[in-house]
Amino acid sequence: MGGVGEADGGPGPHEGPAQLGAPLPTLRWEQIRSHNLPGDKWLVIERRVYDISRWAQRHPGGSCLIGHHGAEDATDVFHAFHQDLNFVRKFQPLLIGELAPEEPSSDGPKNTKLIEDFRALRQAAKDMKLFETKPAYFGFMIGFILAMELLSWLTVCLLSPGWLSSILTTFFLASSQMQCWCLQHDLGHTSVFRKSRWDHLTQQFVMGHLKGFSTQWWNFRHDQHHAKTNILHKDPDVTLAPIFVLGELSTEYGKKKHKFLPYNYQHLYFFLVSPIFITLVNFKVESLVYILTYRHWADLLWATSFYFRFFLSYIPFYGVSGAVILYVVVRVLESQWFMWVTQVNHIPREIGHDKHRDWITLQLLATCNVESSLFLDWFTGHLNFQIEHHLFPTMPRYNYHKVAPLVKALCAKHGLRYEVKSVPTALVDIIRTLKKSGNFWLEAYLHQ
């Protein structure tokens, strides 16, 4: 996560950047470690030290994303997020020094050999051209989405109102909305076009006009999930309290005697909450609040265009109440799909506070895969290859199966768990994990 803009920091807290051509001051981790406070953050990329204290607010990915890596070696996450490194590095960096020669590249206990082998693997993937995009593949996807939208409207136009018409319309719309999530997700990771500018523009159309959500909100939220996967208070996807408590938070809530809900039954009320909580309520509220808070008026216009198009298309056939019911049903179906597809890979894995692990260890502890098939790959947007997706978020998804054997071999070499589950096991594990976390909460609540 490189600097963009003028340098604001220096060797001291705010003394000014290292001068071009001048020898860089050498720094030790004990010096860097103290600069992880609001308004005072340093990070390390490729053994070079950057002061991002003031510039973080201007970071394209948001201040939270880059701030989560304060006083850390961010080399691997930097490479994971930035596809065009020449574009990032052409800006004047906030460079203030470099690690002293005797200092390790990473602070704390890290598996240096594992990190070296992973970086060699990433280079091998580049040499195999696995990061190169094929826009035609995603052209087929946008064609499928638009075809589903058109079929849903033609169904109500050509068939008499009734159960068959309603079921087919709902099916086509839900299919479109689910694949829209997949496509906008690819676009957000800049893995569709050769120029990231086209990814961003197309994502606005897909996420805004075809789905009714804010692109800026999604990227702000989702990039944090990738940067600090399953880390409480840094990954929004697992910071679900006070509705659900997961991982280390379960015991903490119990010890503090927090009982907003009967968490020992969260594995049961999960089925009542998830269909409406995700896309119909939670995401919609989050998206709107984000737009209004940060004044992303372009996103507001795009999202508004979705509702104009949707209700103008279906009110003439179903009336106002019927169109609203159609919208709600589609969102509920979409929520079920979204919850199961995205959370089978994360909720059953380790969830806790930041232990500042290296990139590959963090991702392997926080993710798992679900077995592959032609249908599952399409239905999940290849997110059943969650390990590969998290290690290489800018890699086009149709290449995950090619890099997977390399990742699996690396895990075997270093004794790391590379977990692949069957679909039934993956689904059941969510419920088991919710129940287990709820029992931890109850035990702490009653006895600690």
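Residues numbered from 1 in each chain as written. Predicted model: local features only at pLDDT ≥ 70, side-chain atom pairs only at ≥ 80, totals over all residues. Heavy atoms only, no water.

Labelled according to an unreviewed UniProt entry, the protein chain appears under the name Fatty acid desaturase 3, originating from Equus asinus. Per UniProt, the comment on the protein chain under Pathway (unreviewed entry) is "Lipid metabolism; polyunsaturated fatty acid biosynthesis." Among the UniProt annotations of the protein chain, the heading Subcellular location (unreviewed entry) holds the following wording: "Endoplasmic reticulum membrane". (UniProt positions renumbered as here; feature names shortened; annotations may be inferred.)

Colleague: Please set out the overall build of the protein chain residue by residue, giving values where relevant.
Modeller: Check the secondary structure of the protein chain and you find 17 helices and 7 strands. Principal-axis analysis of the C-alpha atoms gives the protein chain an extent of 80 × 55 × 45 Å. The burial tally for the protein chain puts 53% of its 448 residues in the buried class. Of all intrachain contacts in the protein chain linking residues separated by at least 6 positions in sequence, the fraction that spans at least 24 positions is 73%. In the form shown here, the protein chain has an accessible surface area of approximately 20500 Å², with 64% of it arising from carbon and sulfur atoms. Counting 43 positive and 39 negative side-chain charges, the protein chain places the averaged centre of each group 4 Å from the other. (Helix = DSSP H or I, 4+ residues; strand = E, 2+ residues; numbered from the N terminus. Buried < 20%, exposed > 50% of the residue type's maximum accessible area, 1.4 Å probe, protein only. Contact = heavy atoms within 4.5 Å. Areas by Shrake-Rupley, 256 points an atom, 1.4 Å probe, with all protein chains shown as cover. Lys, Arg positive; Asp, Glu negative; His and termini not counted. Charge placed at Lys NZ, Arg CZ, Asp CG, Glu CD.)

Colleague: Which residues make up the pattern of salt bridges, and what values do they have?
Modeller: Enumeration according to the criterion identifies 24 salt bridges in this entry. Arg-331 serves as the salt-bridge partner of Glu-334, at 2.9 Å between the closest nitrogen and oxygen. You can see Glu-334 and its partner Arg-331 sitting in helix α12 (residues 297-343), 3 residues apart, about one turn around the helix. Arg-331 shares its class with Glu-334; the two are buried. A salt bridge links Arg-432 to Asp-429; its shortest N-O distance comes to 3.0 Å. Placement of the pair is Arg-432 and Asp-429 together in helix α17 (residues 423-447), with a separation of 3 residues, close to one helical turn. (Salt bridge = Lys/Arg side-chain N within 4 Å of Asp/Glu carboxyl O.)

Colleague: Tell me what's going on with the packing of aromatic side chains, and back it up with residues and numbers.
Modeller: Enumeration according to the criterion identifies 42 aromatic pairs in this entry. Aromatic side chains Tyr-137 and Phe-138 sit 5.1 Å apart centroid to centroid with 80 degrees between the ring planes, which places their arrangement in the edge-to-face category. The class for Tyr-137 is partly exposed, based on a relative accessible area of 24%. The interplanar angle of 85 degrees and the centroid separation of 5.5 Å between the aromatic rings of Phe-270 and Trp-340 together place this pair among those described as edge-to-face. Here the residue Phe-270 occupies a position in helix α11 (residues 266-294), and Trp-340 occupies one in helix α12, the gap between them amounting to 70 residues. For the residue pair Phe-270 and Trp-340, the accessibility class agrees, reading buried in each case. Through a chain of ring-to-ring contacts, three or more aromatic side chains come together here, namely Trp-181, Phe-213, Trp-217, Trp-218, Phe-283, Trp-337, Phe-338, Phe-375 and Phe-379. Between Lys-257 and the ring centre of Tyr-445, over which it is positioned, the NZ or CZ distance is 5.6 Å. Over the aromatic face of Phe-213 sits the side chain of Lys-284, whose NZ or CZ is 3.9 Å from the ring centroid. (Phe/Tyr/Trp six-rings, centres within 6.5 Å; stacked < 30°, edge-to-face > 60°. Lys NZ or Arg CZ within 6 Å of the ring centre and 35° of its normal.)

Colleague: Give a description of the layout of surface pockets that names residues and reports values.
Modeller: Empty space within the second largest pocket amounts to approximately 390 Å³. At the level of secondary structure, the elements contributing two or more residues to the lining of the second largest pocket comprise α3 (75-81), α5 (112-127) and α13 (359-366). With 3 residues, the top contributor of residues to the lining of the second largest pocket is α3. Of the residues contributing to the lining of the second largest pocket, the split by class is 9 nonpolar, 7 polar and 11 charged. (1 Å grid on protein atoms, 1.4 Å probe; cavity = no way out; pocket = protein on both sides within 12 Å on 5 of 7 lines; lining within 4 Å. Points joined across faces, edges and corners; volume = space filled by probe spheres on them. Nonpolar A, V, L, I, M, F, W, Y, C, P; charged D, E, K, R; others polar.)

Colleague: Could you give me a rundown of the sheet that holds strand β4 (residues 48-51), with the residues and numbers involved?
Modeller: Adjacent strands of a sheet pair through backbone hydrogen bonds, lying either parallel or antiparallel. The strand order β1-β5-β4-β3-β2 describes an open sheet built from 5 strands, whose pairing is mixed. Each edge of the open sheet is held by one strand with a lone partner, namely β1 (26-27) and β2 (36-37). Across 2 bridges, the pairing between β2 and strand β3 (residues 40-45) is antiparallel. Note that in β3 the partner of Leu-37 across the bridge is Asp-40. (Pairing = 2+ DSSP bridges.)

Colleague: Mind laying out a nonpolar patch on the surface, listing which residues take part and the relevant values?
Modeller: A grouping of Leu-150, Leu-151, Trp-153, Leu-154, Leu-158 and Phe-317 is seen on the molecular surface, where their side chains present a nonpolar patch of about 550 Å² in accessible area. At 5 residues, helix α6 (residues 135-158) tops the list of elements feeding residues into the nonpolar patch. Structurally, Phe-317 can be placed in helix α12. On the accessibility criterion, Phe-317 (34% relative accessible area) is partly exposed. (Patch = residues over 30% accessible without salt bridge, like charges linked within 9 Å, V, L, I, M, F, W, Y side chains within 5 Å.)

Colleague: Which residues make up α13, and what values go with them?
Modeller: Counting buried positions over the 8 residues of α13 gives 7, a clear majority of the element. Buried within α13 we find Trp-359, Ile-360, Thr-361, Leu-362, Gln-363, Leu-364 and Ala-366. Against α3, α5, α9 (215-227), α15 (386-391) and α16 (400-414) lie the buried residues of α13.

Colleague: Pulling in residues and values, what's your account of the UniProt feature "transmembrane region" (unreviewed entry) in the protein chain?
Modeller: The positions that UniProt labels "transmembrane region" (unreviewed entry) are, in the present scheme, residues 136-156, 268-294 and 306-330. Annotated as residues 268-294, this span is 100% helix and 0% strand, and its ends, taken at the C-alpha atoms, are 37 Å apart. In this annotation, residues 306-330 is assigned 100% helix and 0% strand; the end-to-end C-alpha distance for the span is 14 Å.

Colleague: Outline the packing of α11 against α12, supporting the account with residue identities and numerical values.
Modeller: Contact geometry for α11 and α12: axes closest at 7 Å, N-to-C directions at 125 degrees. Judged on the interaxial angle alone, α12 and α11 are oblique. Taken as a pair, α11 and α12 cross one another with a handedness that is right-handed. A breakdown of the residues in the contact of α11 with α12 according to their chemical character gives 18 nonpolar, 4 polar and 4 charged. (Axes fitted to C-alpha atoms, helices over the stretch in contact; angles between N-to-C directions. Parallel < 35°, antiparallel > 145°, perpendicular 65-115°, else oblique. Left-handed = near helix turned anticlockwise from the far one by under 90°.)

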